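# Coordinate analysis (summary)
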Amino acid sequence: MREVVQNDKSRAPFGVRRKLALACGATALASAALLSGCAGPDSVRAVRGEGEPAQALGPEARQAAEHTRMVAAARRWRLEQVPLTPPAPPATRPKIHARDGFEVDHQEDWDLPPVFTTVPTEQKVVFLTIDDGAEKDPKFLAMMRDLKIPYTAFLSNYLVKDDYAYFRTMRSYGNTLNNHTLHHPYLPGLSYEEQKDEICGMQDIMKRQFGKAPTVFRPPYGNYNQDTLVAAKSCGIKYAPIWNEEVFVDHWEYREDDQRLRRGDIVLTHFRGRDDWDGTMVDDMRRFLNKVTREGYAVARLEDYL
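Structural notes, computed from the coordinates. (Residues numbered from 1 in each chain as written. Predicted model: local features only at pLDDT ≥ 70, side-chain atom pairs only at ≥ 80, totals over all residues. Heavy atoms only, no water.)

## Overview of helix α7 (residues 164-172)
The line we're drawing: The buried label applies to any residue whose accessible area, calculated with a 1.4 Å probe on protein chains only, is under 20% of its type's maximum; exposed applies above 50%, and partly exposed to all values in between. The way it works is that DSSP assigns letters per residue, a run of H or I at least four long becomes a helix, a run of E at least two long becomes a strand, and they are numbered from the N terminus. Working note: the arc is built from the helix axis to C-beta atom directions. In what follows, a contact means two residues having at least one pair of non-hydrogen atoms within 4.5 Å.
Taken together, the buried positions of α7 are Tyr164, Tyr166, Phe167 and Met170. An end-on view of α7 places all buried positions within 155° of arc, on one side of the element. Next to the buried residues of α7 lie α5 (138-147), β4 (152-155), α6 (157-160), β5 (176-179) and α8 (192-210). Once α7 finishes, Gly174 follows within two positions and takes phi at roughly 100°, a positive value.

## A few points about the packing of α8 against helix α9 (residues 226-234)
When two helices pack together, their arrangement is captured by the angle between the axes and the distance separating the axes. To keep it simple, the criterion reads: Axis lines are fitted to C-alpha atoms, over the contacting stretch for helices. Their N-to-C directions set the angle, which ranges from 0 to 180 degrees. If an angle is under 35 degrees, it is roughly parallel; if it is over 145, roughly antiparallel; if it lies from 65 to 115, roughly perpendicular; otherwise it is oblique. Each crossing gets its hand from how the near helix is turned against the far one by less than a right angle, where anticlockwise is left-handed and clockwise is right-handed. By the convention adopted, Pro, Cys, Tyr, Trp, Phe, Met, Ile, Leu, Val and Ala count as nonpolar, Lys, Arg, Asp and Glu as charged, and the other residues, Gly among them, as polar.
Relative to each other, α8 and α9 sit at 45°, their axes nearing to 9 Å. The angle between α8 and α9 places the two elements in the oblique class. Taken as a pair, α8 and α9 cross one another with a handedness that is right-handed. Contact residues: Tyr192, Gln195, Lys196, Ile199 and Cys200 in α8; Asp227, Thr228, Val230, Ala231, Ala232 and Ser234 in α9. Residue composition of the contact of α8 with α9, grouped by class: six nonpolar, three polar and two charged.

## Looking at unusual backbone geometry
Phi is positive for Arg78, which is not a glycine, with a value near 60°. With respect to the helices and strands, Arg78 occurs in the loop between α4 (59-76) and β2 (115-116). Positive phi, normally seen in glycine, also occurs at Thr181, with a value near 80°. Checked against the element boundaries, Thr181 lands in the loop between β5 and α8. Its relative accessible area of 0% is what places Thr181 among the buried residues.

## What about the side chain of Asn157?
As for its placement among the helices and strands, Asn157 is situated in helix α6. On the accessibility criterion, Asn157 (9% relative accessible area) is buried. With residues near it in sequence (within four places) discarded, Asn157 still touches Tyr164, Thr181, Leu182, Met202 and Ile205.

As structure tokens, this is what we get:
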């Protein structure tokens, strides 16, 4: 049986009122709130949800208020620029195939979950995925909610079982929780039944703890064989994405030789903090967001394309 092994060196067993619009101009609010000094107490109250209800404002004022809020959020988290807003998800979702060279025997005729690193799309988006669940940093949750950055978490039970509530909060903010096995083993070294226990066992826990068994699974270390995908399918898994780039708190790593982002790339990081890195998850996300925004990419939700 052919085994597919990835090289993964880092795994451990990431209402503005009308007078403001007239004074500063709705189209100038990219810098008005914080950079030009046009934001007065009324605008601050609007951004914080005080004063005039947002639904009482017109579309332009709501858009201006949200932009003001995002400028403030980007500055608060010390980003170079406001992150780009992703386009609407495609009306027709792309057909996902296994990446060339990442197939296993009977990949197509057994309809096994495809392993892929990039989603086929013409939209200039990338997808952020975060593995394991070791670090549970409340500032990370606050940052990503404040900036409205979607991400997908792949969880291993032995690392999340001490604080399921943290991940319930994450899910309540609109982020997706997916399967990364019970104990994060090297799956090709296990029997079929052992692999099935690791994957289906995590499915059961996720349904019990988070209300839903996912259809997306990432094999630990990006390593798998045919048994892995057969077992995953038997547990209700439809997709097995891995990654094309990995971001750390102090550098990036790339799968492709040209070392650049591509449309639809899946980016990996980990739930890690100062115990493992020279920085925090907030620092890691700052590095990630600064690069993708600088290069013109928005961060989209992976599940919207599957």
